[in-house]
Amino acid sequence: MKNQDAFPGWDWDDPDGLAVRLDAISADVAVCRKLEPAAGGLPQDRQGLRELGVTGIEFAAFRTAHPEGLGTDLTALRSAGTTTEPGTLYRVDGDRWFTQLDIGRPLPFADASVDWVYAEHLIEHVTMPVAVGWLREARRVLRPGGVLRITTPDLARYLVGYATDDGFLAKHRRRLTTMGFGPPMPSRPAFLVNQIFRYYGHQWIYDLDELRHVLTLAGFAADQIRHCAYRQGVRADVADLDTAFRTDETIYVEADR
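Residues numbered from 1 in each chain as written. Predicted model: local features only at pLDDT ≥ 70, side-chain atom pairs only at ≥ 80, totals over all residues. Heavy atoms only, no water.

## Things to note about the pairing of strand 8 (residues 114–120)
Counting buried positions along strand 8 yields seven of seven residues, so the element is predominantly enclosed. Alignment of strand 2 (residues 56–59) against strand 8, held across four bridges, turns out to be parallel. Of the residues in strand 8, the one forming a bridge with glutamate 58 is tyrosine 118. As paired elements, strand 8 and strand 9 (residues 142–153) share six bridges and run parallel to each other. Bridging across to strand 9, tyrosine 118 finds its partner in arginine 149. Taking the sense of rotation as the criterion, the β-α-β connection linking strand 8, helix 3 (residues 128–141) and strand 9 turns out right-handed. (Buried < 20%, exposed > 50% of the residue type's maximum accessible area, 1.4 Å probe, protein only. Helix = DSSP H or I, 4+ residues; strand = E, 2+ residues; numbered from the N terminus. Pairing = 2+ DSSP bridges. Right-handed = clockwise from strand over helix to strand, strands pointing away.)

Rendered as structure tokens:
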């Protein structure tokens, strides 16, 4: 188990002081073996994406696990000698596509250009107005009948854990320690609730009702929004993008175009 000696100067009680460290950890994972700019640039319509074999977009993914996915992230992806730039399409390690995008801006794709959109633990990193704008853009680029799947930390899970002392907060703390994400967090329940709001660049934490709120503001019909389980959804290939190590804290929601 990691201890404080392995992380000199790390102080969990100083969110502002840790912000730079946490940003550096995020940058360290934005690497791959090989990056190749694609000839012809970034396709913007359904036909161009289909010619690449792309049917959907995974946001906040340097290397999407979906064989027909386009991975995107705000952070530049790096390999030896190459760093991505916005507006360019790249082949990642010879078998995946990536482009650098800012979800605070309009998406560079035509209406109804993709079949699915997926984002794991992204929406909590932006303010609500940015989230609504991004969801509106995601709806625009989805074809009729397409599906959006988003996952995010569940506010209700944290507050139930705090109120009932059901072991959730202790389990969450152990998981992050096992991952080596800094020294062990304080075990204080109030800290373990506050960290989901204050750390990792989080801006807004959602429960099911709050997700329904932003999705309907973005134009999705209320009766087309559904609460899902881990790796359960209308499209198995998209739901399978859910990662196992976050299941303890995550809420899964889909919305149909």
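Once you've had a look at it, read on.
## Focus: the pattern of salt bridges
One pass over the full model with this rule turns up 22 salt bridges. Among the ionic pairs, aspartate 115 bridges to arginine 46, the shortest N-O distance being 2.8 Å. Taken as a pair, aspartate 115 in strand 8 and arginine 46 in helix 2 (residues 46–51) lie far apart in primary sequence, 69 residues in all. Among the residues examined, aspartate 115 registers a relative accessible area of 7% and is labelled buried. Given a relative accessible area of 27%, arginine 46 falls into the partly exposed group. With a shortest N-O distance of 2.6 Å, arginine 149 and aspartate 242 are connected by a salt bridge. (Salt bridge = Lys/Arg side-chain N within 4 Å of Asp/Glu carboxyl O.)

## Points about the nonpolar core
In this structure, Phe59, Phe109, Ile123, Trp134 and Leu148 are the most contacted members of the largest nonpolar core, which totals 39 residues. Going through the elements one at a time, strand 2, strand 8, helix 3, strand 9, helix 7 (208–217) and strand 11 (250–256) are the ones with two or more residues in this core. Ranked by the residues each element gives to this core, the list is headed by helix 3, at seven residues. If we skip the residues at most four places from it in the chain, isoleucine 123 touches Ala131, Trp134, Leu135, Ile150, Thr152, Tyr206, Leu211 and Val214. In this structure, Leu22, Leu176, Met185 and Ile196 belong to the second largest nonpolar core, which totals 18 residues. (Core = buried A, V, L, I, M, F, W, Y, C linked by side-chain atoms within 4.5 Å. Contact = heavy atoms within 4.5 Å.)

## Re the packing of aromatic side chains
For any pair of aromatic rings, the description consists of the separation of the ring centres together with the inter-plane angle of the planes. For the structure shown, the criterion picks out eleven aromatic pairs. Plain terms: the ring middles of tryptophan 10 and tryptophan 12 are 5.3 Å apart, the flat faces sit at 65° to each other, and that makes the pair edge-to-face. Comparing tryptophan 10 with tryptophan 12 shows no difference in burial state: the two are buried. Ring centres of phenylalanine 191 and tyrosine 199 lie 6.1 Å apart, and the angle between their planes is 55°; on these two criteria the pair is classed as tilted. Three or more aromatic residues joined by ring pairs form one cluster here, namely Phe7, Trp10, Trp12, Phe181, Phe191, Tyr199 and Tyr200. Above the ring of tryptophan 97, the side-chain terminus of arginine 91 is found at 4.4 Å from the ring centroid. Seen from the ring of phenylalanine 220, arginine 139 lies directly overhead, with NZ or CZ sitting 6.0 Å from the centre. (Phe/Tyr/Trp six-rings, centres within 6.5 Å; stacked < 30°, edge-to-face > 60°. Lys NZ or Arg CZ within 6 Å of the ring centre and 35° of its normal.)

## Here's the deal with helix 3
Compared with an ideal rise of 1.5 Å per residue, which puts 14 residues at 20 Å, helix 3 spans 20 Å between its outermost C-alpha atoms and is within 8% of the ideal. Turning to helix 3, its buried residues are Met128, Ala131, Val132, Trp134, Leu135, Glu137, Ala138 and Val141. Contact partners of the buried residues in helix 3: strand 2, strand 8, strand 9 and helix 7. (Expected span 1.5 Å × (residues − 1).)

## Quick look at the packing of helix 3 against helix 7
Across the interface, helix 3 lies against helix 7 with an axial gap of 8 Å and an inter-helix angle of 55°. With respect to helix 7, the element helix 3 is oriented oblique. The two elements helix 3 and helix 7 meet at a crossing, and its hand is right-handed. Mapping the contact onto sequence places Met128, Val132, Leu135 and Arg136 in helix 3 and Glu210, His213, Val214, Leu215 and Leu217 in helix 7. Within the contact of helix 3 with helix 7, the residues separate by chemical class into six nonpolar, one polar and two charged. (Axes fitted to C-alpha atoms, helices over the stretch in contact; angles between N-to-C directions. Parallel < 35°, antiparallel > 145°, perpendicular 65-115°, else oblique. Left-handed = near helix turned anticlockwise from the far one by under 90°. Nonpolar A, V, L, I, M, F, W, Y, C, P; charged D, E, K, R; others polar.)

## So, helix 4 (residues 155–164)
For helix 4, the set of buried residues is Leu155, Tyr158 and Gly161. Along the long axis of helix 4, the arc covered by the buried residues comes to 140°, so they all point the same way. Taken together, the buried residues of helix 4 touch strand 9, helix 5 (168–178) and helix 6 (189–198). The opening residue of helix 4 is aspartate 154, an N-cap whose side-chain oxygen sits 3.1 Å from the backbone nitrogen of alanine 156. Following helix 4 by one or two positions, aspartate 165 adopts a phi angle in the positive range, close to 55°. (Arc of directions from axis to C-beta. Polar contact = N/O pair within 3.5 Å; in protein donor to acceptor, adjacent residues only side chain to side chain.)

Purely spatial values, then, with no claim about function.
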